[in-house]
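Descriptive analysis of the structure
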Amino acid sequence: MLENFTGTTPRLQVVLDHSHPCCPSKAEMLKQHRELSMSIRRTIENNEEAGIRPSKTYQSFVAAAGGHRELNFIEKDVRNYITREVRNVSEQEDAKEFGKYLLRMKEKNPNFFFELQLEEDQSIKLAFWADARSRAAFEYFGDVISFDTTYNTNRYNLVCGSFVGVNHHGGNAPKGFLTDQCASMKRALEACMPTTVHRWCIWHIMKKIPSKLNGYKGHADIEQEMSQVVWNSQSKDSFDRNWNDFLLNFGLGDNKWLSDLYEDRHIWVPIYLDHHFWAGMRSTQRSESMHSFFNKYITRNSSLIQFVKQYDNCLGSREQAERESDAADFHTVIPCATKSCIEAQFQDAYTHAKFREVQAQFRGKANCITRLKNSALGYSVYEVGEQVSSSIFNKFVVTYDSVAAEVKCHCLLFESRGILCRHALSVLSFEQVSQVSPRYILERWSKKVKRRHTHIKSSHDEPLMEPRSKRFDQLVFRSQNICEFASESEELTAILHRAYDNVMAEMEALKAKRKGTSSLSHEDANLESVNELQSPPRIRTRGRPKNRLGSKLEKQIANATKKKKTKVLSEVKVMFFKFVAIEFIFLVNSLGNVCMLYFR
């Protein structure tokens, strides 16, 4: 608006506030009428850390308030707060925060390990870290590891490579290492871990069949026949024969992809690998289950510090799942599916998850027909026919040594997964064996072994919150029990309301009393209060600042001396001005004509 301010020239004044009444239904949409309270901000921060989408967070506020109109903010305010306050990490600060996180984890537990490879400009090229709990768990379950690098990258195009193992619920080089079909990784493992058995993920290979063989006639039949050859060959020789017949029948002898796969058959075909222990893993899908978890929280725009925080969440959830499974193993019992004493033996020893797998083999025993082929000196050879469909029976050779109490099946399920197969169980039942040898009850599946890593917490970073936010969270946590108790009746609710009113009045009075000044003594000082201290306001002075202020007496003496000097200077100035005036008059009288001529 235009206003006149004592002069004749109009001036423009901008008034940001409304100078007229606003319509209530429209005013709530104005920015100056919208705000996020501390309770709302803390909820947004917690939900963001838990991976809850902003839209879901806002809808929870709407549901709690009873409608959109009951809120004094909109969804855009929630998103803006997340963008500006929660995720506002610059690329320069991101690397620093990431490094600080690694150092904090190292300080909390010396067994936390990390290593960074840097470029010449000190930018991060590669980052590797392993928390203390995972390193301790590797001592027990490091026999088989899956490594996958197919996960989505972050804003810096850094690839996420995850190392995943299998615990009893489902410091040496691992015995088995699963990876994707990667020639460079194969060469690296051969050089770094020559004693470790390398296996390619069969799931990824079989998934490529449609794209690799789509140009051939009858590619659906080709895919089905190839799967049959890969999965149902009972020996290496039978696989070689079946593979050659497969190529010949479909005219695929000149297909380079299939030729390369055959050359590398020893690292992906089950019959070439199942005599090694794999803890039930044939693919890197366990790694991908971790990826599905990360997908809830991580995007391509995620920063380094955001990623490691969600990694903490992932470890925490896995740790909690293991604790819950351990508690279930200890407090509950899964009933046996049969009357077999051998099943009861596994029920007593194994975790629930692994015992369910054993039970599946006991149930599958009903589809098996056992026939003795020959026997001599306690060593028997059996042929077990398993009905897999109404007209198809698969035959398996099972040997049993009664002297050594050893049973072995050509399906190699125990060797690869660590549990006895239904074919071996059928033979043991035929031989009327009531207890299996301890060698068939693996310690890695046992629920009775106390493992060191269960006593180590995962590396969870402490949230770096403002002191006020910490106090707020503590107060909210304590008030929940009070509110829950008071909500039981109207009388208790009224008591709490009166208490709230009295406490609020007391706090407002104290705040008003302390307004302006406060003190901090050594008796009540702590790290939190010291962290809240601020530097005094800086005062700009003219000229060079004095190094010494002087005492009060010195200032009085200086002021008195200054007054005397001022008086003397005043007398000198008067005499000087009198002298100058006389000289000026004389000069004007002498040069009057010239001066008048100049002014004309």
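Described below are features of the structure shown in this document.

Conventions used here
Residues numbered from 1 in each chain as written. Predicted model: local features only at pLDDT ≥ 70, side-chain atom pairs only at ≥ 80, totals over all residues. Heavy atoms only, no water. Helix = DSSP H or I, 4+ residues; strand = E, 2+ residues; numbered from the N terminus. Buried < 20%, exposed > 50% of the residue type's maximum accessible area, 1.4 Å probe, protein only. Contact = heavy atoms within 4.5 Å. Phe/Tyr/Trp six-rings, centres within 6.5 Å; stacked < 30°, edge-to-face > 60°. Lys NZ or Arg CZ within 6 Å of the ring centre and 35° of its normal. Expected span 1.5 Å × (residues − 1). Bend = angle between axes of the 7 residues up to and from the residue. 1 Å grid on protein atoms, 1.4 Å probe; cavity = no way out; pocket = protein on both sides within 12 Å on 5 of 7 lines; lining within 4 Å. Points joined across faces, edges and corners; volume = space filled by probe spheres on them. Nonpolar A, V, L, I, M, F, W, Y, C, P; charged D, E, K, R; others polar.

**A look at the side chain of Thr 57**
Within the secondary structure, Thr 57 is located in helix α3 (residues 54–65). Judged by relative accessible area, Thr 57 falls into the buried class, the value being 2%. Once you skip the residues sitting within four places of it in the chain, Thr 57 turns out to touch Ile 44, Asn 47 and Ile 52.

**Points about the packing of aromatic side chains**
All told, the structure shown has 13 aromatic pairs when counted by the stated rule. Summarising the aromatic geometry, the rings of Phe 61 and Phe 73 are spaced 5.7 Å apart at their centres and angled 85° between planes, so their arrangement reads as edge-to-face. A residue pair is termed long-range when its members are at least 10 positions apart, and Phe 61 in helix α3 and Phe 73 in the loop between α3 and α4 (75–86) qualify at twelve residues. Phe 73 shares its class with Phe 61; the two are buried. Ring geometry for Phe 98 and Trp 129: centres 5.8 Å apart, planes at 75°, overall edge-to-face. Taken together, the positions of Phe 98 in helix α5 (residues 91–108) and Trp 129 in strand β4 (residues 124–130) put the pair 31 residues apart, joining distant regions of the chain. Each member of the pair, Phe 98 as well as Trp 129, is classed as buried. Looking at Arg 265, its charged tip hangs above the ring of Tyr 262, at a distance of 4.0 Å from the centre. Looking at Arg 444, its charged tip hangs above the ring of Trp 445, at a distance of 4.6 Å from the centre.

**Digging into unusual backbone geometry**
Positive phi is not limited to glycine here, since Leu 377 has a value of about 55°. Take Leu 377: it is sitting in the loop between β9 (368–376) and β10 (379–387). For Leu 377, a relative accessible area of 86% puts it in the exposed group. The backbone phi angle of Ala 405 is positive, close to 55°, even though this residue is not glycine. Mapped onto the elements, Ala 405 comes out in the loop between β11 (393–401) and β12 (406–409).

**A closer look at helix α20 (residues 467–486)**
The terminal C-alpha atoms of α20, which comprises 20 residues, lie 29 Å apart, in line with the 28 Å expected from a rise of 1.5 Å per residue. When the local axis directions of α20 are compared, the greatest deviation, roughly 25°, occurs at Ser 479. Inspection of α20 places Pro 467, Ser 469 and Ala 486 among the buried residues, and these make up the whole buried set.

**Regarding empty space enclosed by the protein**
Estimated volume of the largest cavity: approximately 60 Å³. Sorting the residues of the lining of the largest cavity by element identifies β12 and α18 (413–417) as the ones contributing at least two each. Broken down by class, the residue content of the lining of the largest cavity amounts to seven nonpolar, no polar and two charged. In this structure, the second largest cavity encloses a volume near 30 Å³. Of the residues in the lining of the second largest cavity, the class split is four nonpolar, three polar and one charged.

What is shown is where atoms sit, not what they do.
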